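Observations on the model geometry
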Amino acid sequence: MMRRLAVLGHPVAHSRSPEMHNAALAELGLAGEWSYEAIDVSPDELEGRVRAMPGEGFVGANVTVPHKGAPLVLADVLSEPAREIGAANTLSFADREIRADNTDAEGLLAALPAAPQGERALVLGAGGAARAVVWALLREGAEVDVWNRTDLRSRNLCEELGGAPVVAPDATSYRLIVNSTSVGLRGEDAFAELPLSASGFVSQQTVVDLVYGAGPSRLLVAAEAAGATVVDGIEVLVRQGALSLRIWTGREAPLDTMRAAARGGGDVS
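Fair warning: this is a prediction, and the values are worked out from it, not measured in the lab.

Spatially, six strands are ordered β2-β1-β3-β5-β6-β4 in an open sheet, and the strand pairing comes out mixed. Each end of this open sheet is capped by a strand with a single partner; those strands are β2 (34-40) and β4 (77-78). When β4 meets strand β6 (residues 97-101), the two strands line up parallel, connected through two bridges. Counterpart to Val77 in the pairing with β6 is Arg99. Strands β1 (3-9), β2 and β3 (58-63) of the sheet are contacted by helix α1 (residues 17-27), whose axis makes an angle of about 175° with β2.

Here is the structure:
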């Protein structure tokens, strides 16, 4: 019986996760036994869809926008990171139980060019992805400020996890900037929606944009032009996906194969 995997999101049609994971499964010699697909599911339908999956041959699933908070309610077992972060991106189905894990946090850290210990960081957003970013950076010893379009959400996040909410951050004062919002997913202008300007980056920074598309985002193009080190969402996707694959299969994922497949086409994980 085929062991099925999937990514659940809304929207999800252009996700690169299926290409990335199926390439990895093939590299590991598991293509005839395992498969990975994308499933578009609305928030209202998510619980029913997840609970039906074990009976349909699914052994696991990734969960992406806008569902990363839902596994906390659906899961029978939460990993320590998922519980502390308050969000999960990886589900496993075994022994009639649903287990929820978070590989976003470790995946982000693995994608960074250097450890963020002692660095001043700005996190944009207050959703499930932002929670993982803030949690990871604080645990690594970074000083973290959080901005969100809805100020109440950034304050609530900081009260729960730590960090400091900011209303009008000076981007040039941070060594690390992470955009964990969905701005850009539907073609929005990041500089119209976020407290950043195209001329507001400096060469000493590392700038991460979790949203990705056919090419570098406008945010990363501007940051790179200023001499900043940039990390795109595909690299973070690859890193967190490799960790999810290890949870499901018990095998170390082939990063280069996943990276090449993920860069072949799609939109956002």
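Okay, back to it.
A few words on the pairing of β1. Here β1 lies mainly inside the structure; five of its seven residues are buried. In terms of strand pairing, β1 meets β2 through seven bridges, oriented parallel. Note on β2: the bridge partner recorded for Arg3 is Trp34. Taken together, β1, α1 and β2 form a β-α-β motif whose crossover is right-handed.

Direction of pairing for strand β5 (residues 90-94) relative to β6: antiparallel, over a ladder of five bridges. Looking across to β6, one finds that Phe93 is bridged to Ile98. Adjacent in sequence and paired antiparallel, β5 and β6 are bridged by two residues, among which Asp95 carries a positive phi angle near 55°.

Centre distance and the angle of the planes are the two values used to describe a pair of aromatic rings. If you walk through the whole model with that rule in mind, you get two aromatic pairs. On the basis of an interplanar angle of 50° and a centroid distance of 6.3 Å, the ring pair of Tyr36 and Trp248 is categorised as tilted. Placement of the pair is Tyr36 in strand β2 and Trp248 in helix α10 (residues 233-249), with a sequence separation of 212 residues. Across the pair, Trp248 and Tyr36 agree in class, each one buried. Considering the side-chain rings of Phe191 and Phe201, the 6.4 Å spacing of their centres and the 65° angle between planes classify their relative orientation as edge-to-face. Placement of Phe191 in helix α8 (residues 190-193) and of Phe201 in the loop between α8 and β11 (206-209) is noted, with a sequence separation of 10 residues between them. Like Phe201, Phe191 is buried. Sitting over the ring of Tyr174, Arg120 keeps its end group 4.4 Å from the ring centre.

Before going further, it helps to examine the environment of Leu124. Assignment of secondary structure puts Leu124 in strand β7 (residues 120-124). Measuring from C-alpha to C-alpha, the distance between Leu124 and Ser182 comes to 9.9 Å, with 58 residues separating the pair along the chain. Here Leu124 is in contact with Trp147, Ile177, Val178, Asn179, Ser180, Thr181, Leu194, Pro195 and Leu196, once residues within four sequence places are set aside.

It is worth spelling out α10 at this point. In this model α10 runs 24 Å from its N-terminal to its C-terminal C-alpha over 17 residues, within 8% of the 24 Å that 1.5 Å per residue would give. In terms of burial, α10 is a largely internal element, 14 of the 17 residues being buried. Where α10 terminates, the next one or two residues include Gly250, which has phi positive at roughly 75°.

Cut-offs used in this document
Residues numbered from 1 in each chain as written. Predicted model: local features only at pLDDT ≥ 70, side-chain atom pairs only at ≥ 80, totals over all residues. Heavy atoms only, no water. Pairing = 2+ DSSP bridges. Helix = DSSP H or I, 4+ residues; strand = E, 2+ residues; numbered from the N terminus. Contact = heavy atoms within 4.5 Å. Axes fitted to C-alpha atoms, helices over the stretch in contact; angles between N-to-C directions. Buried < 20%, exposed > 50% of the residue type's maximum accessible area, 1.4 Å probe, protein only. Right-handed = clockwise from strand over helix to strand, strands pointing away. Phe/Tyr/Trp six-rings, centres within 6.5 Å; stacked < 30°, edge-to-face > 60°. Lys NZ or Arg CZ within 6 Å of the ring centre and 35° of its normal. Expected span 1.5 Å × (residues − 1).

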